[in-house]
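Structural features, examined
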Amino acid sequence: MEVDQAQKVLKRACMNYTEFSKLVGVKPVTVRLAFSGKRLSKKMVSLLEDMESNQKDEDAKEERRAVKVGMIMQSMDEVRSAKVYLLPKNPYLRFIEFPDGTHGRMRAKPGSFTLGSIVKVKREEGDMYTLEGNYDRKDRLV
């Protein structure tokens, strides 16, 4: 590993020579001399490579989180149609299933939206959805 690359890895890890020396198990002067003389030991190189791979993994995880948050934000504003497939004991809840096979829950008045009813819903929080649109007394979309 090149010294320039090693310094970049330490900088990305927000670590100075003193902290790195504690990880390696040598005195801080030894680490400074190794970097200035461009002679890194095998142990230093292996630790730096581990740190670099961990940083790449964390960057990839952050990127996946950003993509996931973007997908969630898109689906929060989206109005979707679903079918009521289960009536739990709680009379104010309905379990719904979307055409893509995902599931969720919505609030409803007791006695409305029986099994098989098609509803338009908008995501609220977690797996909870709110009803969208106007429905008549027979739970049909107007």
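Residues numbered from 1 in each chain as written. Predicted model: local features only at pLDDT ≥ 70, side-chain atom pairs only at ≥ 80, totals over all residues. Heavy atoms only, no water.

Another point: the sheet that holds strand E1 (residues 79-86). Strands sit in the order E1-E2-E3-E5-E4 around a closed barrel of five strands; the barrel is mixed. Averaged over all pairs of adjacent strands, the angle between their axes in this sheet comes to 55°, without regard to strand direction. Strand direction decides the pairing type here: strand E4 (residues 118-125) and strand E5 (residues 128-131), joined by four bridges, are antiparallel. Along E5, the bridge assignment pairs Glu-125 with Met-128. (Pairing = 2+ DSSP bridges. Helix = DSSP H or I, 4+ residues; strand = E, 2+ residues; numbered from the N terminus. Axes fitted to C-alpha atoms, helices over the stretch in contact; angles between N-to-C directions.)

Here we take up the nonpolar core. Counting 14 residues, the largest nonpolar core has Leu-10, Phe-20, Phe-35, Leu-40, Met-44 and Leu-48 as its most contacted members. Mapped by element, the contributors of at least two residues to this core are helix H1 (3-12), helix H2 (17-24), helix H3 (28-36) and helix H4 (42-77). When near neighbours in sequence (up to four residues on either side) are disregarded, Phe-35 contacts Val-3, Ala-6, Gln-7, Leu-10, Tyr-17, Phe-20, Leu-40 and Leu-48. (Core = buried A, V, L, I, M, F, W, Y, C linked by side-chain atoms within 4.5 Å. Buried < 20%, exposed > 50% of the residue type's maximum accessible area, 1.4 Å probe, protein only. Contact = heavy atoms within 4.5 Å.)

Next up on the list: the packing of aromatic side chains. One pass over the full model with this rule turns up five aromatic pairs. Between Tyr-85 and Phe-95, the ring centres sit 6.4 Å apart and the planes meet at 40°, which makes this aromatic pair tilted. Taken as a pair, Tyr-85 in strand E1 and Phe-95 in strand E2 (residues 93-97) lie far apart in primary sequence, ten residues in all. A relative accessible area of 22% means that Phe-95 is categorised as partly exposed. On the numbers, 5.0 Å between centres and 55° between planes, the contact of Phe-98 with Tyr-129 is tilted. In this pair, Phe-98 is assigned in the loop between E2 and strand E3 (103-107) and Tyr-129 in strand E5, connecting sequence segments 31 residues apart. Tyr-129 carries the same exposure label as Phe-98, and that label is buried. One aromatic cluster is present, built from ring pairs that chain together Tyr-17, Phe-20 and Phe-35. Lying across the ring of Phe-98, Arg-80 places its NZ or CZ 4.0 Å from the centre. (Phe/Tyr/Trp six-rings, centres within 6.5 Å; stacked < 30°, edge-to-face > 60°. Lys NZ or Arg CZ within 6 Å of the ring centre and 35° of its normal.)

Moving on, we get to the side chain of Gln-55. Locating Gln-55 in the fold gives a position in helix H4. Given the relative accessible area of 9%, Gln-55 is considered buried. A distance of 3.2 Å separates the side chain of Gln-55 from the side chain of Arg-12, its partner in a polar contact. Here Gln-55 is in contact with Val-9, Arg-12 and Ala-13, once residues within four sequence places are set aside. (Polar contact = N/O pair within 3.5 Å; in protein donor to acceptor, adjacent residues only side chain to side chain.)

Bridge count for E3 against E5 is two bridges, and the pairing is parallel. In the strand pairing of E5, Met-106 is matched with Tyr-129. The antiparallel pairing of E4 with E5 creates a hairpin that spans two residues between the two strands, and Gly-126 there sits at a positive phi of about 65°.

Along the polypeptide, Ser-21 turns up in helix H2. Residue Ser-21 is classed as buried on the basis of its relative accessible area, which comes to 1%. Each residue touching Ser-21, except ones within four places of it in the same chain, is listed here: Val-26, Lys-27, Pro-28 and Val-31.

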